Amino acid sequence: MRFGARVLKTGIAVVLTFLITNQIGLAPALIAGIASVNALQPNVYRSLETTWNQFRGNTIGAISAIVMVLLFGNNVLIIGLTVILVLAMLLFFKLQSVSTLAVITVVAIMDVPFGVDLSTTDFLITAGTRFSLVMIGVLVSLLVNLVFIPPRYETKMYHNCFNIANDIFKWMRLELNAVTESQNVKKDLEQLQSRVTKLETMYMWYKEERNLFKKQRFGDHRRKVLFKHLIASTRQAYNLLKRINRYENDYNHLPDDLKYHIRIEMDEMMAYHEQVFMKFTEKIKPETSELYVEGSHYFEETLMAHFLKEYSQLTDEDDKIQYENILEIITSLHEYSRSVDRVDRLANSFFSYHTDNNKIDIQDETLDI
């Protein structure tokens, strides 16, 4: 776990829950506190959806607990049987995502305080109070997500993409110049894989968000498509680095001319990708698509044509296998190129048309001391 907005919101939710329950005079407040922690979600849309599901799941749990206590009492075996029954019903209604809190509701209601007569209205009042405590915790979590520190997914995704891409570019340049230690690269590749996966998870949360204003929904959909392909281009950059690392020995044994050609193509793609990042913050004009990389005009033929020319001159089978491995690198480079080009065209379209509605609020990431 990392200290961030969600940690702060969890603390705020617990404090508000205890303040509200103490003000109203409901007890035990512990039930509401547990519910508020359990119900906290990473985004507003999921909080709204979860609140509705929690209400249905907790209602099923509360009704089941009350019925079972009135019919059979609150024996330990009856509590266990009720939990099984409630979980089965939640699975039937496809509410298994809220099963934890529904079980807490069942146990809270069936664990009747000493002195409460199960056959009188005292039990029903106690059950209603504990159900209310659970729902207060759920509603407080929803309120905290709506009001306190709303997630800035666009800023987070942009800076995460930018930082991950820069780390990938660093390792690519080191790999192509044959100055890396294989073990260090593999260790960093595992970390990069984890970071890209977290980035894709963050996008799924961002995709779930809904705008309440109909006029802004079209712009929201365009932003979501734009970030989807920006993250996809980062994934393709990672895949390319992974291929280079896997076949670095084959690459190092290529003729110098072909190695130089591959390195130039990759330098051009990395510079192109960096330029696309600048378009997202509107630091360069959208129509800027031409870039100059030193050495990019040195070769008159394409990289694929150059590769095939070299491959056609081979006679040794081992050399052919080596070149087939290099073909995987070139294929990854082509996929990466197409991915970055797609993001560039989408960014050009996004920032060139309907400019009043198409804005991305990316805040600067200040890391200076």
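In what follows, the structure referred to is the one given above.
If you're wondering where the values come from, they're calculated on a predicted model, not measured in any experiment. (Residues numbered from 1 in each chain as written. Predicted model: local features only at pLDDT ≥ 70, side-chain atom pairs only at ≥ 80, totals over all residues. Heavy atoms only, no water.)

1. Observations concerning the packing of aromatic side chains
Aromatic ring pairs: the centre-centre distance and the angle between the two ring planes describe each pair. Using the criterion set out here, one finds 14 aromatic pairs in the structure. Residues Tyr-203 and Tyr-206 carry aromatic rings whose centres are separated by 6.2 Å and whose planes lie at 55° to one another, so their mutual orientation is tilted. With Tyr-203 and Tyr-206 both in helix H8 (residues 182-208), this residue pair falls three residues apart, about one helical turn. Considered together, Tyr-203 and Tyr-206 belong to a single accessibility category, that of buried residues. Centroid distance Phe-350 to Phe-351: 5.0 Å. Interplanar angle 85°. Geometry classified as edge-to-face. Note on Phe-350: relative accessible area 1%, which makes it buried. Ring pairing ties together the aromatic residues Tyr-153, Tyr-158, Phe-162, Tyr-203, Tyr-206, Phe-227, Phe-277 and Phe-280, which thus form one cluster. (Phe/Tyr/Trp six-rings, centres within 6.5 Å; stacked < 30°, edge-to-face > 60°. Helix = DSSP H or I, 4+ residues; strand = E, 2+ residues; numbered from the N terminus. Buried < 20%, exposed > 50% of the residue type's maximum accessible area, 1.4 Å probe, protein only.)

2. Thoughts on a negative patch on the surface
Together, Asp-316, Glu-317, Asp-318, Asp-319 and Glu-324 line one region of the surface with negative charge. Tracing the backbone through its elements, the reader meets Asp-316 in the loop between helix H12 (303-312) and helix H13 (317-352). (Patch = residues over 30% accessible without salt bridge, like charges linked within 9 Å, V, L, I, M, F, W, Y side chains within 5 Å. Areas by Shrake-Rupley, 256 points an atom, 1.4 Å probe, with all protein chains shown as cover. Salt bridge = Lys/Arg side-chain N within 4 Å of Asp/Glu carboxyl O. Lys, Arg positive; Asp, Glu negative; His and termini not counted. Charge placed at Lys NZ, Arg CZ, Asp CG, Glu CD.)

3. Some thoughts on the environment of Leu-174
Structurally, the position occupied by Leu-174 is in helix H7 (residues 153-176). A relative accessible area of 30% means that Leu-174 is categorised as partly exposed. When the C-alpha positions of Leu-174 and Val-185 are compared, they lie 9.7 Å apart, and in sequence the two are eleven residues distant.

4. Comments concerning the environment of Pro-286
Assignment of secondary structure puts Pro-286 in the loop between helix H11 (256-280) and H12. Measuring from C-alpha to C-alpha, the distance between Pro-286 and Val-276 comes to 8.9 Å, with ten residues separating the pair along the chain.

5. Re the nonpolar core
With 56 residues, the main nonpolar core has Met-157, Phe-227, Met-266 and Phe-280 as its most contacted residues. Elements supplying a minimum of two residues to this core: H7, H8, helix H9 (214-246), H11, H12 and H13. Leave out the neighbours within four places in its chain, and Phe-280 touches Tyr-158, Leu-226, Phe-227, Leu-230, Val-343, Ala-347, Phe-351, Ile-360 and Ile-362. Of all hydrophobic cores here, the second largest spans 30 residues; its members include Ile-31, Ala-32, Ile-79 and Ile-109. (Core = buried A, V, L, I, M, F, W, Y, C linked by side-chain atoms within 4.5 Å. Contact = heavy atoms within 4.5 Å.)

6. Some details on helix H4 (residues 76-92)
Here H4 spans 25 Å end to end across 17 residues, near enough to the 24 Å set by a 1.5 Å rise per residue. Burial in H4 covers these residues: Ile-78, Ile-79, Thr-82, Val-83, Val-86 and Leu-90. Mapping the buried residues of H4 onto a view down its axis gives an arc of 140°, with all of them on the same face. Turned more than 90 degrees away from the buried face of H4, the exposed residues are Leu-77, Ile-84, Leu-91 and Phe-92. If you check the start of H4, you find a side-chain oxygen 2.8 Å away from the backbone N of Leu-77, and it comes from Asn-75. Where H4 ends, the next residue or the one after it, Lys-94, has phi of about 60°, a positive value. (Expected span 1.5 Å × (residues − 1). Arc of directions from axis to C-beta. Polar contact = N/O pair within 3.5 Å; in protein donor to acceptor, adjacent residues only side chain to side chain.)

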